[in-house]
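Survey of secondary and tertiary structure
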Amino acid sequence: GIQVEQSPPDLILQEGANSTLRCNFSDSVNNLQWFHQNPWGQLINLFYIPSGTKQNGRLSATTVATERYSLLYISSSQTTDSGVYFCRGGSNYKLTFGKGTLLTVNP
Amino acid sequence: EAGVAQSPRYKIIEKRQSVAFWCNPISGHATLYWYQQILGQGPKLLIQFQNNGVVDDSQLPKDRFSAERLKGVDSTLKIQPAKLEDSAVYLCAIKGGLADTGELFFGEGSRLTVL
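Please read these numbers as outputs of a predicted model, since none were measured by experiment. (Residues numbered from 1 in each chain as written. Chains lettered and ligands numbered in written order. Predicted model: local features only at pLDDT ≥ 70, side-chain atom pairs only at ≥ 80, totals over all residues. Heavy atoms only, no water.)

All names here are of chain B. A one-sided burial pattern is seen for strand 11 (residues 110-114), the buried positions being Ser110, Leu112 and Val114 and the unburied ones Arg111 and Thr113. Sheet topology places strand 2 (residues 10-13) next to strand 11; 4 bridges connect them, and they run parallel. Note that in strand 11 the partner of Tyr10 across the bridge is Arg111. As judged from the 3 bridges shared by strand 9 (residues 88-96) and strand 11, these two strands associate in the antiparallel manner. For Tyr90, the partnering residue across the bridge sits in strand 11 and is Ser110. (Buried < 20%, exposed > 50% of the residue type's maximum accessible area, 1.4 Å probe, protein only. Helix = DSSP H or I, 4+ residues; strand = E, 2+ residues; numbered from the N terminus. Pairing = 2+ DSSP bridges.)

Residues and elements named next belong to chain A. Throughout the structure, instances matching the rule amount to 2 disulfides over all chains. One disulfide in the model links Cys23 with Cys87; its S-S distance is 1.7 Å. Between Cys23 and Cys87, the S-S dihedral sits near -100°, and the bridge is therefore left-handed. With a gap of 64 residues between them, Cys23 in strand 3 (residues 19-25) and Cys87 in strand 9 (residues 83-91) connect regions that are remote in the sequence. Note on Cys23: relative accessible area 0%, which makes it buried. A residue is classified by how much of its surface remains accessible, and Cys87, at 0% relative accessible area, is buried. (Disulfide = S-S within 2.5 Å.)

In this section: the interface of chain A and chain B. Opposite the 17 residues of chain A that make contact, chain B presents 21 residues. Regarding the contact of chain A and chain B, the summed buried area is about 1500 Å², with carbon and sulfur atoms giving 46% of it. Across the chain A-chain B interface, the total number found is 0 salt bridges. Where chain A touches chain B, the interface holds 5 residue pairs in polar contact (both at pLDDT 80 or more). Of all elements in the fold, only strand 4 (31-37), strand 5 (43-48), strand 9 and strand 10 (94-97) of chain A reach the threshold of two or more residues within the side of chain A that touches chain B. Here the side of chain A that touches chain B gets 4 residues from one element, more than from any other, and that element is strand 4 of chain A. The class makeup of the residues in the side of chain A that touches chain B is 7 nonpolar, 7 polar and 3 charged. (Contact = heavy atoms within 4.5 Å. Buried area = accessible area lost by both parts, 1.4 Å probe. Salt bridge = Lys/Arg side-chain N within 4 Å of Asp/Glu carboxyl O. Polar contact = N/O pair within 3.5 Å; in protein donor to acceptor, adjacent residues only side chain to side chain. Nonpolar A, V, L, I, M, F, W, Y, C, P; charged D, E, K, R; others polar.)

A few words now on the environment of His36(A). All names here are of chain A. Within the fold, His36 resides in strand 4. For the pair His36 and Phe86, spaced 50 residues apart in sequence, the C-alpha to C-alpha distance is 6.4 Å. Setting aside its immediate chain neighbours within four residues, His36 contacts Gln42, Leu43, Ile44, Leu46, Thr80, Asp81, Ser82, Gly83, Val84 and Tyr85. Here Asp81 takes part through its backbone oxygen, which lies 3.5 Å from a polar atom of the side chain of His36.

Right, let's talk about the environment of Ala88(B) for a bit. All names here are of chain B. In this fold, Ala88 is placed in strand 9. The exposure class assigned to Ala88 is buried, which follows from its relative accessible area of 7%. Remark: the alpha-carbon pair of Ala88 and Pro25, spanning 63 residues in sequence, is separated by 21 Å. In this structure Ala88 touches Gln36, Gln37, Ile38, Ser110, Arg111 and Leu112, once residues within four positions along its chain are discounted.

Note that the residue after Ser7(B), namely Pro8(B), is joined by a cis bond; omega there is -10°. Across the junction of Gln80(B) and Pro81(B), the peptide omega takes the value -5°, indicating a cis bond. Here Pro81(B) shows up in the loop between strand 8 (74-79) and strand 9. Backbone geometry places Arg68(A), a non-glycine residue, at a positive phi of 60°. Relative to the helices and strands, Arg68(A) resides in the loop between strand 7 (59-64) and strand 8 (69-74). Relative accessible area serves as the criterion here: at 36%, Arg68(A) is assigned to the partly exposed category. Even without a glycine there, the phi angle at Arg16(B) is positive, about 80°. Tracing the backbone shows Arg16(B) in the loop between strand 2 and strand 3 (19-25).

The values are spatial; any link to function lies outside them.
Pasting the structure below:
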């Protein structure tokens, strides 16, 4: 199946800083989603973005399907942004989660 | 967002006991998934249903895990007998959205601890 590599595995920021999270895929993707897992364990949808760029407030995401990667940008980070960020991607019925990026935003 | 209710939220059992989890999505979503998430890892697909039928159960440990989907809506996941390594969060998701784009929506999960 498709391999999904997320980087960095861990990230510590001060409140107000910006960050970029990345997902690389071993094969082509036509289905890609970013999630935030909150401290209570629920996976919250951030973006469904098989291609192109989307923005929602302080968060934005870009997927370059031809180059098999996606980026999640967090600007002016807040302590509530802390948690694990996952991407899930692939094509047709073969979709896989990455191992996640653990983000800690300190006040 | 599509609603997915899961129960119980927490369960503690001893090894070799059995446990069942329920997933109750709002109706109208053909595709339903069960994922297992072990602490520190990404979710792993256990089984995918399309209506009542199984699309993919290649990673379901069939000697101890079973799942069914009733009337194409609700679903149950059972573990019998449980092992220590089954301690995890069990997540139910539906594929939804107005355009049925493949976007997944998750429930809050059921956290299992096996002692």
